[in-house]
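So the chains spell out like this:
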Amino acid sequence: MDLFDLSGKVAVVTGGSRGIGFMIAQGLLRAGARVIISSRKEAELTDAAERLRADGDVTAFRSDLSTEAGCFALTAQIADQEPLVHALFNNAGAAWGAPLEEFPDSGWSKVLDLNVRGVFHLTRLLLPQLRAASTPDDPSRVVNIGSIDGIRVPARGFDNYSYSASKAAVHMLTRHLARDLAPDILVNAIAPGPFESKMTAGLLAQYGDEFGKMAPLRRMGRPEDMAGVAIYLASRASTFVTGAVIPVDGGISSLG
């Protein structure tokens, strides 16, 4: 038995058109899963789906998960195509940065609506498909994408107050759902450190190579680093793991 084989499984990856979501989707495809990706921007979504099809069976749905209605719409599209969902990766997210004295209320609503409420609503609405796919030996999975900024206080100059608060909320929501959905559905979180994405583009432009060198491993995360932990959490290899928040950060969170 190959513990990491995902053949025959269906995975949903929100925010799958770029960055960490694209890395996850590509890794799952290469492990044998069929993958549904979603994103808000049609052009980026279409381009990502075309690139991912080199690695397997991909379906793409445009969606705005910052509202309950948007979560309902995506759930309906998924249900029309797939009666079973073996793994849901809640990756879609937003960030906002501004000095404390200038931080606007809109920087809270935008970030919390997508990063926390969207995760909760989509998970809740996909429970029928997740439960239908679950077996006693291989439960279905929900994997939430948190952040090391939800584990430790960001460095000075990283004025992402609503983002760090939202990711801490994602980590606690993960634990809460893990307790309530066991044993049929395992719920875990990945807490990424520095990876190349649109969200980190500004930091990379400002700090260059030094951004990645903040980590004890002295480099940025690579696509295979994210793909590896995603495959693990979706596969039979992790059937005794739930309620975990796994840092994938090159050791940054170990620094306190």
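Parameters at a glance
Residues numbered from 1 in each chain as written. Predicted model: local features only at pLDDT ≥ 70, side-chain atom pairs only at ≥ 80, totals over all residues. Heavy atoms only, no water. Phe/Tyr/Trp six-rings, centres within 6.5 Å; stacked < 30°, edge-to-face > 60°. Helix = DSSP H or I, 4+ residues; strand = E, 2+ residues; numbered from the N terminus. Buried < 20%, exposed > 50% of the residue type's maximum accessible area, 1.4 Å probe, protein only. Polar contact = N/O pair within 3.5 Å; in protein donor to acceptor, adjacent residues only side chain to side chain. Contact = heavy atoms within 4.5 Å. 1 Å grid on protein atoms, 1.4 Å probe; cavity = no way out; pocket = protein on both sides within 12 Å on 5 of 7 lines; lining within 4 Å. Points joined across faces, edges and corners; volume = space filled by probe spheres on them. Nonpolar A, V, L, I, M, F, W, Y, C, P; charged D, E, K, R; others polar. Axes fitted to C-alpha atoms, helices over the stretch in contact; angles between N-to-C directions. Left-handed = near helix turned anticlockwise from the far one by under 90°. Pairing = 2+ DSSP bridges.

### Considerations on the packing of aromatic side chains
Thinking step 1. Counting across every chain of the model gives two aromatic pairs.
Thinking step 2. Pairing Phe103 with Tyr161 gives two aromatic rings, centres 5.6 Å apart and planes at 85°, and the pair type is edge-to-face. A residue pair is termed long-range when its members are at least 10 positions apart, and Phe103 in the loop between strand E4 (87-90) and helix H4 (106-125) and Tyr161 in helix H6 (residues 161-181) qualify at 58 residues.
Thinking step 3. The class of Phe103 is buried, set by a relative accessible area of 15%.
Thinking step 4. Clustering of aromatic rings is evident, with ring pairs tying together Phe103, Trp108 and Tyr161.

### A word on the side chain of Thr59
Thinking step 1. Looking at the secondary structure, you find Thr59 in strand E3 (residues 58-62).
Thinking step 2. Classification of Thr59 by relative accessible area gives buried; the value is 15%.
Thinking step 3. Polar side-chain contacts of Thr59 include one of 2.7 Å to the side chain of Gln81.
Thinking step 4. Discounting chain neighbours no more than four positions away, the residues touching Thr59 are Val35, Ile36, Ile37 and Gln81.

### Thoughts on empty space enclosed by the protein
Thinking step 1. In this structure the tally under the stated criterion is three cavities of 30 Å³ or more.
Thinking step 2. In this structure, the largest cavity encloses a volume near 40 Å³.
Thinking step 3. Lining the largest cavity are Thr14, Leu65, Asn90, Asn91, Ala92, Leu114, Gly118, Val119 and Leu122.
Thinking step 4. The biggest single contributor to the lining of the largest cavity is H4, with four residues.
Thinking step 5. Within the lining of the largest cavity, the residues separate by chemical class into five nonpolar, four polar and no charged.

### Some points on the packing of helix H3 (residues 68-81) against H4
Thinking step 1. Two elements in contact, H3 and H4, have axes separated by 9 Å at closest approach and are oriented at 35°. As H3 packs across H4, the resulting crossing turns out to be right-handed. Between H3 and H4, the residues in contact are Glu68, Cys71, Phe72, Leu74 and Thr75 and Gly118, His121, Leu122, Arg124 and Leu125, respectively.
Thinking step 2. The residue inventory of the contact of H3 with H4, partitioned by class, reads five nonpolar, three polar and two charged.

### Considerations on the sheet that holds strand E7 (residues 245-248)
Thinking step 1. Taken together, seven strands build an open sheet; the order of strands is E3-E2-E1-E4-E5-E6-E7 and the sheet is parallel. The sheet is open, and its two borders are formed by E3 and E7, each paired with just one other strand. Taking the axes of each pair of neighbouring strands and ignoring which way they run, one obtains an average angle of 20° across the sheet.
Thinking step 2. Bridge count for E4 against strand E5 (residues 140-145) is four bridges, and the pairing is parallel. Across the sheet, residue Ala87 finds its bridge partner in E5, namely Arg141.
Thinking step 3. Across the face of the sheet, H3 comes into contact with strand E1 (10-14), strand E2 (34-39) and E3 while running at roughly 150° to E3.
Thinking step 4. Taken strand by strand, helix H9 (residues 223-234) contacts E4, E5, strand E6 (185-192) and E7, and its axis lies near 165° from that of E6.

Without other data, these values stay purely geometric and don't point to any function.
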